Amino acid sequence: MGRRVLITGLASFWGGRVAQALEADPAVDVIVGLDTTEPTVPLDRTEFVRADQSYSILNRIVTATKVDTILHTFLVVDSTRVSGRAMHEQNVIGTMNLLAAAGSHGSSVRHVVVKSSTLVYGSSSQDPTWYREDMPRVAAAHSRVERSLAEVESYLRDFADDNPHVVVTLMRFANVVGTDIVTPITRALQLPLVPSIFGFDPLLQFVEEDDVVRSIEFVTRQRVPGVFNVAGDGRLPWSEVAAMCGKRLAPMPPFATEWAAAPLSAIGIAIPPELLELLRYGRGVDNSRLKAAGFEYRYTSAGAVRNFVRAVRLQRTVGARSAYRYEQDVEQFFRHSPAVVHEPEENMT
Amino acid sequence: MPGTERSLETSAGAALVPVALPVRTPEPPADRRLSDVDGWGRSEHVRAIARRLYDPVYRHWFRVEWEGLDKIPTEGGALLVANHAGAIPSDAPVIMHGIETELHRPVYGLADDLFRAVPVVGTLWSRAGGVVAHPENAYRLLRDERQLALVFPEGTKGTGKLFGERYQLRRFGRGGFVEIAMRAGVPIVPIAVTGAEEAMPMLGKLPGLARLLHLPYAPVTANMVVFGPLGLVIPFPAKLRLRVLDPVHFDVGPDQERYSRSKVMDEAEAIRVRLQETLYDMLRDRRSVWFG
């Protein structure tokens, strides 16, 4: 029997792209996708279920669909997108419900993959240049998103301890750049002037969208347990990243930077506190553990930024790709109507 | 007809609903860089400029003289360990400059994270080869990248001494530098430095100001008395002499889970004693602070 996969956060870039990738895999029988909003990418055979943000119906879905794998890509890491309370609800309570469902008596779940972020390491002046997966962060977590991710990870550790029969994979992604994803960093890089902090030129590490999707696919297929940093090789100074994008820097004062950044959010340029820290001290993570597990990156940090720049240039010329609109009735028709002939499946059997 | 189009699509194993698949670059673009800043923050370009600017200071101000430079390995990782002195120490740039110009090997200076928090200074420090003194950083530099790393085990306890306590080595931390060298499987090369104490003698400290600025100490130096505020950046032209001692190899295997604490402490203390004795020996031979 093939695998039955549940993806949370189907409407996010992460969930949608991973679902697309898994649809192409004949070893995956069933893909169920959950989110609060409709999918933003076209999907073939993924079943979409609308859920509330804390996933209270999850237990029923897991029991009903008998999924063996849960890909939890629903965690919010962009704190400018949601309020602090909503983030807590989605990250912490959502994960709690998810793990409760996965660990409930008689649960069919055997593999849980959680998408976290290298934000859990923080960013401080005392940091080592490269964080390995087993190294604790140096400075205490201040920002909401960091605290909520730390809580999520501690739930997951407890879950892994209590459920030794379940393969648990925790992935910490560095700053993602690419064609589709929008993060505070990609937004900052598309401003006429790129914000920076005077006197600081931090080293940042990036990972390309494709590598993100491929790495989630990789750990799902190989069922690799453990904690993994996912980041391209090498680090780049922020000034160089801006230069690659053909932008100049607009330095903010190094003292009372939060105050200086506050009026910017009023004109639509929100720089969350964790990004301000990053623009001061940067962050580096060691990616060798995932490589040792057999994953091959296609992009280095520099390559990822180059690719992002190319995508932005194309977009500037031809405009954004027209957004996909999910049509409930149409999707239901293609999936469930007896009128639709599912030829490839017949060929395979 | 739309129907035939769809069946073609499905038989090709692609989408059921005909959609334009995202256009992907077949091959990732080359990682062409715009700067030569490495993952540690070091830039050879900035280093070259620093060397050019510092060379007159090194040659004509401090008139640096080395003894036993050939004891520093020309390849493979090694941990350089030296005594640390002067309110704002001159020993670090002198050692880095000397080894880079004489041996043509980069030296990464492991130092307190204090610098990193200071605007401009932190960035320049990092571009010039400064790395936060975190055990993992040292291990990676020495074991994985087989580089030379410089560390001052006394830390700010050494530079925070008053002039009256000059050349009295402080505690060598908790011997962490020995443990790192053992784990990384590299030798330790001790370097004794004289002259740095006199280049910026500390007369007193301002504890209130230090607390205010979050510094380990706020020095009042003889240079400030002579040069005013410029004394913070202008050292006295003391003669700097450096003597490289025989490298210390450890008879333990690398990458062990843990090393005997007592062995680590013994080795650290042995290195400290050798450095202290060498310093006394060099001072016995020194006729003048300014001319050596």
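Not measured: the values here are computed from a predicted model. (Residues numbered from 1 in each chain as written. Chains lettered and ligands numbered in written order. Predicted model: local features only at pLDDT ≥ 70, side-chain atom pairs only at ≥ 80, totals over all residues.)

Tallying secondary structure elements over chain A gives 13 helices and 13 strands in all. Relative to the 2.2 N^0.38 estimate, which gives 20 Å for 349 residues, the radius of gyration of chain A is 20 Å and therefore close to what a compact globule would have. Seen through its C-alpha atoms, chain A measures out along the principal axes to roughly 65 × 50 × 40 Å. Looking at the 349 residues of chain A, the share that counts as buried comes to 48%. Here the analysis covers contacts within chain A between residues at least 6 apart in sequence; of these, 81% occur between residues at least 24 apart. (Helix = DSSP H or I, 4+ residues; strand = E, 2+ residues; numbered from the N terminus. Rg over C-alpha atoms; globule rule 2.2 N^0.38 Å. Buried ≥ 20, exposed ≤ 12 C-beta atoms within 10 Å, placed from the backbone. Contact = placed C-beta atoms within 7 Å.)

The secondary structure content of chain B amounts to 11 helices and nine strands. Considering chain B as a whole, with its 292 residues, one finds that 38% of them fall into the buried category. Of all intrachain contacts in chain B linking residues separated by at least 6 positions in sequence, the fraction that spans at least 24 positions is 72%.

Tracing the chain through its elements places Lys263 of chain B in helix H11 (residues 261-285). Given 16 C-beta atoms within a 10 Å radius, Lys263 of chain B is considered partly exposed.

Residue and element names in this part refer to chain A. Buried residues dominate strand E6 (residues 167-173), accounting for seven of its seven residues. Of the two faces of E6, the one carrying Val167, Thr169, Met171 and Phe173 and the one carrying Val168, Leu170 and Arg172 are both buried. Relative to E6, strand E5 (residues 111-117) is paired through seven bridges, and the arrangement is parallel. Across the sheet, the residue bridging to Lys115 is Met171, located in E6. Handedness of the crossover joining E5 and E6 through helix H4 (residues 144-162) is recorded here as right-handed. When E6 meets strand E11 (residues 226-230), the two strands line up parallel, connected through five bridges. (Pairing = 2+ DSSP bridges. Right-handed = clockwise from strand over helix to strand, strands pointing away.)

Quick look at the sheet that holds E11 of chain A now. Residues and elements named next belong to chain A. Taken in spatial order, the seven strands line up as E3-E2-E1-E4-E5-E6-E11 in an open sheet, and their pairing is parallel. The open sheet is flanked by strand E3 (47-50) and E11, the only strands paired with a single partner. Ignoring which end each strand starts from, the neighbouring axes of this sheet average 20 degrees apart. Where strand E4 (residues 69-72) lies against E5, four bridges are found, and the strand directions are parallel. Residue pairing across strands places Thr69 opposite His111, the latter belonging to E5. Helix H6 (residues 209-222) contacts E4, E5, E6 and E11 of the sheet and is inclined by roughly 165 degrees relative to E6. (Axes fitted to C-alpha atoms, helices over the stretch in contact; angles between N-to-C directions.)

Residues and elements named next belong to chain B. Here chain B shows a mean pLDDT of 88. Residues at 70 or above account for 90%. Counting contacts from residues 1-15, a segment whose pLDDT is below 50, to residues more than four positions away or on other chains yields 15 contacts. With a pTM of 0.88, the predicted complex shows an ipTM of 0.83. (pLDDT = per-residue confidence, 0-100.)

A word on the environment of Arg170 of chain B. Residue position: Arg170 of chain B is located in the loop between helix H6 (156-159) and helix H7 (176-184). The spacing of Arg170 of chain B and Val64 of chain B is 106 residues in sequence and 24 Å in space, taken between C-alpha atoms.

The description of two helices packed together rests on the angle between their axes and the distance between the axes. Residue and element names in this part refer to chain B. Packing of helix H5 (residues 135-144) against H7 leaves a shortest axis separation of 9 Å and a crossing angle of 40 degrees. For the element pair H5 and H7, the recorded crossing hand is right-handed. Side by side, H5 and H7 meet where Pro135, Ala138, Tyr139, Leu142 and Arg143 of the first sit next to Gly176, Ile180, Arg183 and Ala184 of the second. Of the residues in the contact of H5 with H7, the class split is six nonpolar, one polar and two charged. (Left-handed = near helix turned anticlockwise from the far one by under 90°. Nonpolar A, V, L, I, M, F, W, Y, C, P; charged D, E, K, R; others polar.)

This part covers the sheet that holds strand E5 (residues 148-151) of chain B. Residues and elements named next belong to chain B. The seven strands are arranged E1-E9-E6-E2-E5-E3-E4 in an open sheet whose pairing can be described as mixed. Two strands lie at the open edges of the sheet, namely strand E1 (65-67) and strand E4 (130-132), each paired on one side alone. Here the average twist between neighbouring strands, direction ignored, is 25 degrees. Here E1 runs beside strand E9 (residues 241-244); their pairing, made up of three bridges, is parallel. Across the sheet, the residue bridging to Glu67 is Arg243, located in E9. With respect to the sheet, H7 is in contact with strand E2 (78-82), E5 and strand E6 (188-194), its orientation differing from that of E2 by roughly 165 degrees.

Once that is clear, we can look at the nonpolar core. Judged by nonpolar contacts, the single largest core of 95 residues is most densely connected at Ile7, Ala102, Val207 and Val230 of chain A. Setting aside its immediate chain neighbours within four residues, Val207 of chain A contacts Phe173, Ala174, Val176, Val212, Val230, Ala231, Gly232 and Ala304 of chain A. (Core = buried A, V, L, I, M, F, W, Y, C linked by C-beta atoms within 7 Å.)

On to the packing of helix H2 (residues 58-65) of chain A against helix H3 (residues 84-102) of chain A. Residue and element names in this part refer to chain A. H3 packs onto H2 with a crossing angle of 35 degrees between their chain directions and a minimal axis gap of 8 Å. The element H2 and its partner H3 pack so that their crossing is right-handed. Across the interface between the two elements, Leu58, Asn59 and Val62 of H2 pack against Asn97, Leu98, Ala100, Ala101 and Ala102 of H3. For the contact of H2 with H3, a count of residues per class yields six nonpolar, two polar and no charged.

Residues and elements named next belong to chain B. For H11, built from 25 residues, the straight-helix expectation of 36 Å at 1.5 Å per residue is met to within 8% by its first-to-last C-alpha distance of 36 Å. Within the span of H11, buried status applies to Val264, Glu267, Ala268, Ile271, Arg272, Leu275, Thr278 and Leu279. Packing partners of the buried residues in H11 comprise E2, H7, E6 and E9. (Expected span 1.5 Å × (residues − 1).)

All names here are of chain B. Among the five residues that make up E2, five are buried, leaving the element largely enclosed by the rest of the structure. Of the two faces of E2, both are covered, the one formed by Ala78, Leu80 and Ala82 as well as the one formed by Leu79 and Val81. Of the pairings in the sheet, the one linking E2 to E5 comprises four bridges and is parallel in character. Bridged to Val81 within E5 is Val151. Of the strand pairs in this sheet, E2 and E6 are connected by four bridges, and their pairing is parallel. The residue bridging Leu79 from the neighbouring strand is Ile188, located in E6.

Where the residue is not glycine, phi is negative for most of them; where a peptide bond is considered, it is trans in most cases. Residues and elements named next belong to chain B. Of note, the phi angle at Arg63 is positive, near 45 degrees, even though the residue is not glycine. Residue position: Arg63 is located in the loop between helix H2 (44-61) and E1. Despite not being glycine, His214 shows a phi value in the positive range, around 55 degrees. With respect to the secondary-structure elements, His214 resides in the loop between helix H9 (207-213) and strand E8 (219-221).

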